[in-house]
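Spelled out from the first residue to the last, the chains are:
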Amino acid sequence: MFSFQKHKKVIFSIIFLIMSLFAAIFTCSAMVYKGASTLKVHSNKTARGKTFAISSALQLKKFRQKKKLPSLGSPFNPDSWNNKTANLKKKYTILYWSKIRGHVARLQTKKEYEKDKHVWPYTYVGENCPVQCELTNNRARAKEADAFVVHSRLTDVWDFPPFEYLAPWILQNNENPVYTPAISDPRVMSKFNLLISYRLDSDFPSPIYPMPTLTKPIPFKQRLGNVLAVFSKCEVVRTEYMRQLMRYTEVHSYGSCLKNRDGLIGLYGQVNGKYVFKDYKLVLTRFYKFSLVFMNQDCDYFVDDRLYHALDTGSVPVYMGTNKIDEFLPGNLKNSIIKLTDFNSPKELGEYLNYLSQNETAYNQYLLWKTTGFGDISNTTIGRWWKPKYPLFCQVCMRLAQGGLHAGLDPDVCKPRTYLDWKLHPPYDSSSLLKSTHTKQKPVKILYICAFAGTVLTFLIVTKVCFTFKLFSNKKFRFIEYI
């Protein structure tokens with residue numbers, strides 16, 4: 001019969017052993033939790049459900065190894081379109097199914113298109129399309145649609161077309177993945193067959209970056225200021241770069257970020273019911289030698305119209321953004337901008353801008369294209385976008401007639417920029433980058449050492465207790481009694 005008094009030493013030793021094992025497991029778990037990457041899932045509520053984004057660098061690496069993310073391939077080129085293999089007998093109807101930022105997609109008229117071919121979302125087909133083509137926003141015509149178009153923002157993208165109509169789905173996107181999480185979501189991207197995007201490697205490249213004009217800039221000596229900055233959204237890294245740059249050169253900031261000048265109408269300012277911010281900005285930009293053209297993120301191919309504003313007015317762009325920027329500067333534009341990547345610090349950049357602001361000959365080298373022209377840009381993707389042979393949605397119909405759809409699109413992943421990406425000290429830390437990197441690693445190393453020592457010590461204590469209570473009878477364990 002079991003006797004507690006007789007076996008209590010054995011019982012207590014077993015309990016102690018179990019508790020010690022739990023302590024060792026807890027210690028090792030803490031070590032793994034602190035030292036290794038973890039998967040953080042961000043949930044964004046939408047009308048149709050939730051989207052999830054992988055934020056762990058380790059998990060993202062595993063995801064890419066599992067499925068390599070290739071580029072989308074060659075964009076559609078109307079010049080190489082083969083009408084002999086296309087189905088020209090059919091009329092193609094494209095239905096813009098979703099709303100755009102909560103509003104029904106507005107279709108452009110011929111007059112609006114001829115006035116400005118680069119008004120987003122470019123909803124014009126044209127009258128000379130080689131394919132019978134129609135674009136509509138009437139959902140009642142869903143049965144006759146040959147393709148559905150959906151806008152990529154979260155407020156719109158989950159409003160999927162009816163699944164029973166077996167027509168291709170086309171995604172239209174004009175914002176980078178950091179601010180448009182749907183295009184990083186495989187569950188969303190796998191449902192679409194074609195992509196209209198700012199990316200120059202998408203099926204239908206359509207960046208919000210019109211062709212700058214050759215308008216003669218204001219003479220060097222008549223410029224009223226040195227560096228112009230207009231940012232309404234204070235992304236932390238570009239704002240910090242501008243703050244540090246202000247120490248070494250004069251920067252006039254008219255936007256809400258580090259504002260030190262008044263006189264420019266607000267981003268959503270109206271005159272007679274018309275938004276005029278960009279018109280006023282173009283006038284102001286002409287009087288500055290340089291413009292800070294800092295994109296809101298560094299995602300591949302993301303370039304917006306602030307680059308156009310600087311180039312068009314003859315204010316030399318000081319550029320922060322995607323490293324694929326050269327593809328947006330064809331022909332003689334290749335030497336028209338100043339890249340932050342060519343400088344080791346805001347101080348070095350500021351000193352260079354001060355030099356150019358006092359040296360007219362060196363400064364004007366960046367504006368040579370204004371007098372020499374663009375050169376031959378016809379064989380470039382951006383050149384074909386600037387001078388389109390057919391309107392955007394006519395090209396979509398041409399592609400539908402020719403065939404060749406994707407069986408789903410690859411997710412477009414982009415990590416937010418960091419201070420280290422642009423060689424910046426964080427504003428809250430005056431130490432060197434090397435030192436700040438090491439201080440982040442020290443706690444992890446100490447935790448590893450403590451965890452290892454704690455595990456060894458726990459093992460020795462448990463073994464000693466077991467031997468004391470004669471749980472081990474084998475002589476090879478006898479050395480423990482001398483510990």
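Small disclaimer: the values here were computed from a predicted structure and weren't measured.

Student: I would appreciate a short explanation of the sheet that holds strand S15 (residues 288-294) in the present structure.
Tutor: Sheet strands pair by backbone hydrogen bonding; their relative direction is either parallel or antiparallel. Read across the open sheet, the 5 strands follow the order S12-S11-S15-S16-S17; overall the sheet is parallel. Taken across any chain shown, the strands that pair with only one partner, and hence form the sheet edges, are strand S12 (251-253) and strand S17 (338-339). Relative to S12, strand S11 (residues 225-229) runs parallel, the two being bridged by 3 bridges. From the neighbouring strand, leucine 228 faces S12, where its bridge partner is histidine 252. Relative to the sheet, helix H6 (residues 236-245) contacts S11, S12, S15 and strand S16 (316-320), its axis offset from that of S15 by approximately 150 degrees.

Student: Teacher, can you tell me more about the confidence of the model for the chain here?
Tutor: Low pLDDT marks stretches whose predicted atomic positions should not be read closely. Averaged over all residues, the pLDDT of the chain is 81; the fraction at 70 or higher stands at 72%. In this model, residues 33-71 is a region of pLDDT below 50 whose contacts with residues beyond four sequence positions or in other chains number 55 contacts. Contacts of residues 475-483 to residues separated by more than four positions or lying in other chains number 9 contacts, the stretch itself having pLDDT below 50.

Student: Please explain the packing of helix H7 (residues 277-285) against helix H8 (residues 306-313) as it appears in this structure.
Tutor: Axes are the key here: two packed helices are described by the angle between their axes and the distance separating the axes. One can describe the packing of H7 onto H8 by two numbers: an axis separation of 9 Å at closest approach and a directional angle of 45 degrees. Here H7 is positioned oblique relative to H8, judged by the angle of their axes. Handedness of the crossing formed by H7 with H8: right-handed. Note on element contacts: H8 touches H7 through Arg306, His309, Ala310 and Thr313, opposite Lys278, Lys281, Leu282 and Thr285. The residue makeup of the contact of H7 with H8, split by class, is 2 nonpolar, 3 polar and 3 charged.

Student: Would you mind going over the side chain of serine 206 with me for this structure?
Tutor: Checked against the element boundaries, serine 206 lands in the loop between strand S10 (204-205) and S11. Filtering out sequence-adjacent residues up to four positions away, serine 206 remains in contact with Tyr122, Ile196, Ser197, Tyr198, Trp385 and Leu392.

Student: What should I look at first to understand the pattern of salt bridges in this one?
Tutor: Side chains that differ in sign of charge can pair as their charged atoms come close. Inspection of the entire model under this criterion finds 21 salt bridges. In this structure, aspartate 412 and arginine 199 form a salt bridge, with 3.1 Å as the shortest nitrogen-oxygen distance. Here arginine 199 lies in the loop between strand S9 (194-197) and S10 and aspartate 412 lies in the loop between helix H13 (392-402) and helix H14 (433-468), a separation of 213 residues in the sequence. Per residue, the accessibility class of aspartate 412 equals that of arginine 199, and both read buried. Through salt bridges with shared partners, a single network forms among Lys91, Glu134, Arg141 and Glu144.

Student: Any chance you could explain unusual backbone geometry here in plain terms?
Tutor: For residues besides glycine, phi is generally negative; the peptide bonds are generally trans as well. Going from tryptophan 120 to proline 121, the amide bond is cis rather than trans, its omega being 10 degrees. Assignment of secondary structure puts proline 121 in the loop between helix H3 (110-115) and strand S6 (133-136). Positive phi values are uncommon outside glycine, yet tyrosine 301 reaches one of about 70 degrees. Structurally, tyrosine 301 is set in the loop between S15 and H8. Unusually for a residue other than glycine, lysine 423 sits at a positive phi of about 55 degrees. Along the polypeptide, lysine 423 turns up in the loop between H13 and H14.

Student: Please explain a nonpolar patch on the surface as it appears in this structure.
Tutor: A surface patch of nonpolar side chains, about 300 Å² in accessible area, is lined by Leu224, Val283 and Phe287. On the secondary structure map, phenylalanine 287 appears in the loop between H7 and S15.

Student: Sorry if this is basic, but what is going on with the environment of asparagine 344 here?
Tutor: Take asparagine 344: it is sitting in the loop between S17 and helix H9 (346-357). Separated by 79 residues in sequence, asparagine 344 and lysine 423 place their C-alpha atoms 6.9 Å apart. Here lysine 423 takes part through its side chain, which lies 3.4 Å from a polar atom of the side chain of asparagine 344.

Student: Explain the pairing of strand S3 (residues 92-96) to me, please; I cannot follow it from the model alone.
Tutor: Side-chain direction in a regular strand flips from residue to residue, so the side chains alternate between the two faces of the sheet. S3 sits mainly inside the fold: 5 of its 5 residues count as buried. Residues Tyr92, Ile94 and Tyr96 of S3 are buried on one face, and the alternating residues Thr93 and Leu95, pointing to the opposite face, are buried as well. Here 4 bridges tie S3 to S6, and the two strands are oriented parallel to one another. If you follow threonine 93 over to S6, its bridge partner there is glutamate 134. Bridge count for S3 against strand S7 (residues 147-151) is 3 bridges, and the pairing is parallel.

Student: In this structure, what is going on with the sheet that holds S9? I would like to understand it.
Tutor: The 6 strands are arranged S6-S3-S7-S8-S9-S10 in an open sheet whose pairing can be described as parallel. The sheet is open, and its two borders are formed by S6 and S10, each paired with just one other strand. In this structure, strand S8 (residues 169-173) lies alongside S9, joined through 4 bridges in parallel fashion. Within S9, the position partnered with asparagine 173 by the bridge is serine 197. Taken strand by strand, H13 contacts S3, S6, S7, S8, S9 and S10, and its axis lies near 125 degrees from that of S3.

Calculation rules
Residues numbered from 1 in each chain as written. Predicted model: local features only at pLDDT ≥ 70, side-chain atom pairs only at ≥ 80, totals over all residues. Heavy atoms only, no water. Pairing = 2+ DSSP bridges. Helix = DSSP H or I, 4+ residues; strand = E, 2+ residues; numbered from the N terminus. Contact = heavy atoms within 4.5 Å. Axes fitted to C-alpha atoms, helices over the stretch in contact; angles between N-to-C directions. pLDDT = per-residue confidence, 0-100. Parallel < 35°, antiparallel > 145°, perpendicular 65-115°, else oblique. Left-handed = near helix turned anticlockwise from the far one by under 90°. Nonpolar A, V, L, I, M, F, W, Y, C, P; charged D, E, K, R; others polar. Salt bridge = Lys/Arg side-chain N within 4 Å of Asp/Glu carboxyl O. Buried < 20%, exposed > 50% of the residue type's maximum accessible area, 1.4 Å probe, protein only. Patch = residues over 30% accessible without salt bridge, like charges linked within 9 Å, V, L, I, M, F, W, Y side chains within 5 Å. Areas by Shrake-Rupley, 256 points an atom, 1.4 Å probe, with all protein chains shown as cover. Polar contact = N/O pair within 3.5 Å; in protein donor to acceptor, adjacent residues only side chain to side chain.

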